[in-house]
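Summary of structural features
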Amino acid sequence: MILVINAGSSSMKFQLYKVNGENNYEVICKGLAERIYLDGVFTIKFNGQEFETKEDLKDHEATAKVLINKLEEHGIIKDFSDITGIGHRIVHGGEKFTQSTVISDEVFAEIKKMVILAPLHNPPAISAIEAFRKIANVPNVAVFDTSFHTTMPVENYLYSGPYEWYTDYQVRRYGFHGISYRYITKRLATILNKPSDKVNAIICHLGNGASICAVKNGQSYNTSMGITPLEGLIMGTRSGDIDPSIPSYIASQTGEDIAAITNTLNKKSGLLGISGVSSDLRDVVGSAESNPRSKLALKMSAKRIAKYIVAYLNELGGNADAIVFTAGIGENSAVMRNLVANEVKLINFDLVKEHNEQGYDSENLISGANATVPVYAIRTNEEIMICEDTYHLTQK
């Protein structure tokens, strides 16, 4: 069995997979530990049942112990030797990690160095790795959100500041959501009946955090997020692209320091900042009739997505096999897909109303015969990619 861990600062998501053979992974159970460091809540789901308990989750190590105990308590595993590998989602791998890797002491030391590039996202993953390495003699694997984007050409990842910022301080575009993009690219290869290294696509990963990727010959060619996840699209609470002189101007007007302003751009901007209602797209859509700012937030968000789609279509020389909407908003919001289609003027999306608005299990072709590029809604699955990498790297 393979255990997949996605650790946040105060939470830990997990899925346990049974490996039935090559490319055959079955979810046995999944769950979530919340309010780590506070009054912890642990939820586990399996066999159509859900169990929620209050637990002492004083840190990630305590949470890992509770997870192991719950798996044994519910008879999901006999003991931890049933688990052959643990896969961890790591947000930032810098330039060092171009693919997933088993976590040795040397690898772990390098992952810790990446905290400077992802001070909010990498530390909880590091805490979870430390916890599982301490309490279980099982190989741990790091799967990086950034590694898919290490194929970008230098002209797409380098910023136009002093070159020394790159050589001395690692300032460059790294991109994120790479595990999701890799999954969608793999699915497209099957859907289109093409080798994965021949797939050209524009993939819109739209959730509370959102980005777009131009995939050329199965590899990341360009992406909207930068050195951090703040750049690019308008997101739930993140501003996305702004004039870089705005923080210094706001500092001069308010007396706030750069850290406080950056926090505002990360946590109080985007849909929330524009609408004044919520960071949740569903709330913004629901209030758009009565609140002009909500309507404006939707318009601005759709225009930003459209801007990147058109730019990336140009990057691909007009040679795209598909445009894909994925992640929570991309998969589920027919409203946002329609808004984006209306904002892209240079190509015809030809969204078919009944296909765009119907519910679906995993993937739908939502465009008609007159679409310039076929448009899909595909449910992403980052966890199964982490499981797959962990299995391949740990099987004996």
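Scroll up to find the structure.
Read on for an overview of the structure.

All right, on to helix α15 (residues 382–394) then. Helix length check: α15 (13 residues) gives 18 Å between terminal C-alpha atoms against 18 Å at 1.5 Å per residue, within 8%. Restricting attention to buried positions, one finds in α15 the residues E382, I384, M385, I386, C387, E388, D389, T390, Y391 and T394.

A separate point is the pattern of salt bridges. As enumerated under the stated definition, the model contains 21 salt bridges in all. Here R133 ties to D105 by a salt bridge, and the two come within 2.8 Å at their closest N and O atoms. One end of the pair, R133, is in helix α3 (residues 122–135); the other, D105, is in helix α2 (residues 105–113), and 28 residues separate them in sequence. Judged by relative accessible area, R133 falls into the partly exposed class, the value being 29%. Here K194 ties to D321 by a salt bridge, and the two come within 3.1 Å at their closest N and O atoms. In this pair, K194 sits in the loop between α6 (178–192) and β9 (201–206) while D321 sits in the loop between α11 (292–315) and β12 (322–326), placing the two residues 127 residues apart along the sequence. Here D321 falls in the buried class, since its relative accessible area comes to 16%. One network of salt bridges, in which partners are shared, links E55, K70 and E73.

About the cut-offs
- Residues numbered from 1 in each chain as written.
- Predicted model: local features only at pLDDT ≥ 70, side-chain atom pairs only at ≥ 80, totals over all residues.
- Heavy atoms only, no water.
- Helix = DSSP H or I, 4+ residues; strand = E, 2+ residues; numbered from the N terminus.
- Expected span 1.5 Å × (residues − 1).
- Buried < 20%, exposed > 50% of the residue type's maximum accessible area, 1.4 Å probe, protein only.
- Salt bridge = Lys/Arg side-chain N within 4 Å of Asp/Glu carboxyl O.

Treat this as a map of the structure, not an account of what it does.
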